[in-house]
Amino acid sequence: MGIMADIIFDMDGTLLDSMGMWENLGSIYLLKKGITPPVDLKEVIENKTLEEAAEYFITDLGLEGNIKGIVREILSLIEDKYRYELELKPGVKEFVLSEYEKGSRMCILTTSDRDLALAAMERNGIGFCFKEVYTAETLGLSKRGPEIFLKTCELMGFKPEETTVYEDALYAIKAAKAAGCHVVAVYDHMNRNDWDEIKSTADVIIK
């Protein structure tokens, strides 16, 4: 038996190799809506949450609709990917299973939909390892602030200073650090432009 840990995992780009799909999602969605995506769309939305991207589509690109409705439409576009296609990142399954064997308490904190997160984890054989899946939507908090990590720790019965957070996005890494958690940054091609700052912010990096 190794040492048990209290762990909060991000999902997209950390556990699940899904960022390539997210990278092109904005363009796919806008084209479906008859809007030509701006050439710098990827750069503009790569650090935005779904809600922030929807707001940008409305205010800057003139898309009709409301934020909630647009987010719902985008989620339906990706639902099949989570349910049937997306794979774990290399080494993730072995690591999560080994932590589970040690008795570590683990949960997921994601900005994605809870049902889709559960479906993807179960299909990839590690769903049973997590005590809970929390989402920004169900908690009513953003990953841009420490409150969401403090709330997750509270719900799980974790002490923030004894909790390890695995994250790939710079804004969430900063927020987890501000909550007093130990942060492990996971490299993903989508965070390559922020990698230098991520390296200087996180406690440990995995590349």
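In what follows, the structure referred to is the one given above.
Because the structure is predicted, anything quoted here is derived from the model rather than measured.

Chemist: I'd like to hear about the overall build of the protein chain, residue by residue, with values.
Modeler: Scanning the protein chain from terminus to terminus reveals ten helices and six strands. For 207 residues, the compact-globule formula gives about 17 Å, and the C-alpha radius of gyration of the protein chain, at 17 Å, lands near that figure. Restricting the contact set of the protein chain to residue pairs at least 6 apart, pairs at least 24 apart contribute 64%. If you average the places of the 24 positive and of the 37 negative side-chain charges in the protein chain, the two averages end up 2 Å apart.

Chemist: Please set out the nonpolar core residue by residue, giving values where relevant.
Modeler: Residues Phe9, Phe57, Tyr82, Val96, Met121 and Phe130 are the most contacted members of the largest nonpolar core, which totals 44 residues. Excluding its chain neighbours within four sequence positions, the residues that come into contact with Phe9 are Leu15, Phe95, Val96, Met106, Cys107, Ile108, Leu109, Phe130 and Tyr166. Core analysis: the second largest hydrophobic core is formed by 26 residues, Ile8, Tyr134, Leu139 and Met156 among them.

Chemist: Help me get a handle on the state of the cysteines, residues and values and all.
Modeler: On inspection of all chains with the given rule, the structure shows zero disulfides. Cys107 takes part in no disulfide bond, and the closest cysteine sulfur to it belongs to Cys153, at a distance of 7.8 Å. Cys107 gets classed as buried once you look at its relative accessible area, which sits at 0%. For Cys129, which is in no disulfide, the shortest distance to another cysteine sulfur is to Cys107 and amounts to 13 Å.

Parameters at a glance
Residues numbered from 1 in each chain as written. Predicted model: local features only at pLDDT ≥ 70, side-chain atom pairs only at ≥ 80, totals over all residues. Heavy atoms only, no water. Helix = DSSP H or I, 4+ residues; strand = E, 2+ residues; numbered from the N terminus. Rg over C-alpha atoms; globule rule 2.2 N^0.38 Å. Contact = heavy atoms within 4.5 Å. Lys, Arg positive; Asp, Glu negative; His and termini not counted. Charge placed at Lys NZ, Arg CZ, Asp CG, Glu CD. Core = buried A, V, L, I, M, F, W, Y, C linked by side-chain atoms within 4.5 Å. Buried < 20%, exposed > 50% of the residue type's maximum accessible area, 1.4 Å probe, protein only. Disulfide = S-S within 2.5 Å.

Take it as geometry only, folks, not as evidence of what the structure does.
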